[in-house]
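Residues per chain, in single letters:
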Amino acid sequence: MAEPYILVLYYSRHGATAAMASQVARGVETIAGIGARLRTVPAISATCEAVEDTIPADGPLYCELDELAACAGLVLGSPTRFGNMAAPLKYFLDQSSGLWLSGALIDKPAAVFTSTSSLHGGQESTLLSMLLPLLHHGMVVAGLPYSEPGLMTATAGGTPYGASHWAGPDNQKRLDPQEAALCRALGARVGRLALSLGQHSGDAS
Ligand SMILES: Cc1cc2nc3c(=O)[nH]c(=O)nc-3n(C[C@H](O)[C@H](O)[C@H](O)COP(=O)(O)O)c2cc1C
């Protein structure tokens, strides 16, 4: 049987959410018996549907709906856009009604992460709104528990609703050690939950 995987699915325009995604994946990989699969989504245009190459120039591959269907759990990441998730990720999720109809994601664990330029610029509203489509899919949502010490001492990102990062006005701030540790904790938690919820299968690819 193929190894089960947690799908770490994100969109990133300038790299901050991508940096979080790799820490989440590192956290997943600390859990024996489950792997991480990093995937992204293509950008879309506000004026017309952009035609992107089917393979990105660099970084993770674009996610296929089959990979979403076959995951053992999902960690979804987006930059904050006006207090909400970015359109390319929403566009991808809006194509997942077939999975909703078949119930492919029911009882699988899910968690979310985001990056913002300002410290109080909508991290929590973005995280909470990202959970809504996952609840419609019947996923079991997981946040970060306060047993994670970084939640009480954070001076940048870090919320009980999911991992977050304060990237600064020019997106120049790197993940600080606490933000990175919380990303890893989130990935590890979803990995552990997938196994304890009995999500032991992956696809054949
Ligand atoms: C259209 C747009 C809307 C944005 N809205 C917000 C916002 O509401 N609050 C905020 O703090 N940052 C906002 N930002 C900044 C991004 O969230 C921030 O730069 C983020 O770290 C980018 O992540 P990335 O490097 O993964 O693309 C916005 C950026 C864009 C382009």
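About the cut-offs
- Residues numbered from 1 in each chain as written.
- Predicted model: local features only at pLDDT ≥ 70, side-chain atom pairs only at ≥ 80, totals over all residues.
- Heavy atoms only, no water.
- Buried < 20%, exposed > 50% of the residue type's maximum accessible area, 1.4 Å probe, protein only.
- Helix = DSSP H or I, 4+ residues; strand = E, 2+ residues; numbered from the N terminus.
- Contact = heavy atoms within 4.5 Å.
- Patch = residues over 30% accessible without salt bridge, like charges linked within 9 Å, V, L, I, M, F, W, Y side chains within 5 Å.
- Areas by Shrake-Rupley, 256 points an atom, 1.4 Å probe, with all protein chains shown as cover.
- Salt bridge = Lys/Arg side-chain N within 4 Å of Asp/Glu carboxyl O.
- Near = heavy atom within 4 Å.
- Polar contact = N/O pair within 3.5 Å; in protein donor to acceptor, adjacent residues only side chain to side chain.
- Nonpolar A, V, L, I, M, F, W, Y, C, P; charged D, E, K, R; others polar.
- Expected span 1.5 Å × (residues − 1).
- Pairing = 2+ DSSP bridges.
- Right-handed = clockwise from strand over helix to strand, strands pointing away.
- Core = buried A, V, L, I, M, F, W, Y, C linked by side-chain atoms within 4.5 Å.

1. Notes on helix 5 (residues 123–136)
Residues spaced three or four apart along an α-helix face the same direction, because each turn holds 3.6 residues.
Line of reasoning, step 1. Of the residues making up helix 5, those classed as buried are Gln-123, Thr-126, Leu-127, Ser-129, Met-130, Leu-131 and Leu-134.
Line of reasoning, step 2. Looking at the buried side of helix 5, the elements it contacts are strand 3 (73–79), helix 3 (87–93), strand 4 (109–116), strand 5 (140–141) and strand 6 (163–166).
Line of reasoning, step 3. In the stretch just after helix 5, Gly-138 is the one whose phi turns positive, near 85 degrees.

2. Thoughts on a nonpolar patch on the surface
Line of reasoning, step 1. A cluster of nonpolar side chains, Leu-132, Leu-135 and Val-141, forms an exposed patch at the surface whose accessible area comes to about 250 Å².
Line of reasoning, step 2. You can see Leu-132 is positioned in helix 5.

3. As for the pattern of salt bridges
Line of reasoning, step 1. With the rule as written, the count across this model stands at three salt bridges.
Line of reasoning, step 2. For Arg-37, the salt bridge goes to Glu-67, with nearest N and O atoms at 3.2 Å. Of this pair, Arg-37 sits in strand 2 (residues 35–40) while Glu-67 is found in helix 2 (residues 65–70), placing the two residues 30 residues apart along the sequence. Residues Arg-37 and Glu-67 agree in their burial class; the two are buried.
Line of reasoning, step 3. Linked through salt bridges whose partners overlap, the residues forming this network are Arg-37, Arg-39 and Glu-67.

4. Here's the deal with the site of the ligand
Line of reasoning, step 1. For the ligand, the set of nearby residues contains 18 residues, the closest of which are Ser-12, Arg-13, Thr-17, Thr-80 and Ser-115.
Line of reasoning, step 2. Ser-118 has a polar side-chain atom sitting 2.8 Å from an oxygen atom of the ligand.
Line of reasoning, step 3. Isolated, the ligand exposes 650 Å² of accessible area, and the fraction of that covered by the protein chains is 79%.
Line of reasoning, step 4. Those elements that place two or more of their residues in the shell around the ligand are helix 1 (16–29) and strand 4.
Line of reasoning, step 5. The class makeup of the residues in the shell around the ligand is four nonpolar, twelve polar and two charged.

5. Details of unusual backbone geometry
Line of reasoning, step 1. Notably, Phe-82 is not glycine yet its phi reads approximately 50 degrees, a positive angle.
Line of reasoning, step 2. Among the structural elements, Phe-82 can be located in the loop between strand 3 and helix 3.
Line of reasoning, step 3. Given a relative accessible area of 90%, Phe-82 falls into the exposed group.
Line of reasoning, step 4. With a phi angle near 75 degrees, Asp-107 is a residue other than glycine that sits in the positive phi range.
Line of reasoning, step 5. Within the secondary structure layout, Asp-107 lies in the loop between helix 4 (97–102) and strand 4.
Line of reasoning, step 6. Classification of Asp-107 by relative accessible area gives partly exposed; the value is 47%.

6. Quick word on helix 1
Line of reasoning, step 1. Across its 14 residues, helix 1 extends 20 Å between first and last C-alpha, which sits within 8% of the 20 Å expected from 1.5 Å per residue.
Line of reasoning, step 2. All buried positions along helix 1 are accounted for by Ala-16, Thr-17, Met-20, Ala-21, Gln-23, Val-24, Ala-25, Gly-27 and Val-28.
Line of reasoning, step 3. Residues of helix 1 that are buried make contact with strand 1 (5–10), strand 2, strand 3, strand 4, strand 6 and helix 7 (177–196).

7. Some words on the pairing of strand 2
Line of reasoning, step 1. The pairing of strand 1 with strand 2 spans six bridges and is classified as parallel. Opposite Tyr-10, over in strand 2, you have Thr-40 as the bridge partner.
Line of reasoning, step 2. Crossover connection from strand 1 via helix 1 to parallel strand 2: handedness right-handed.

8. Some details on the nonpolar core
Line of reasoning, step 1. Ile-6, Ile-34, Val-75, Phe-113, Leu-144 and Ala-163 are the most contacted members of the largest nonpolar core, which has 26 residues in total.
Line of reasoning, step 2. Only strand 1, helix 1, strand 4 and helix 7 provide two or more residues apiece to this core.
Line of reasoning, step 3. For this core, the element with the highest residue contribution is helix 7, accounting for eight residues.
Line of reasoning, step 4. If near-sequence neighbours (up to four positions away) are discounted, Val-75 is found in contact with Ile-6, Leu-7, Val-8, Leu-9, Val-24, Ala-111, Phe-113, Leu-186 and Val-190.
Line of reasoning, step 5. Tyr-11, Val-41, Leu-99 and Leu-127 belong to the second largest nonpolar core, which has 25 residues in total.

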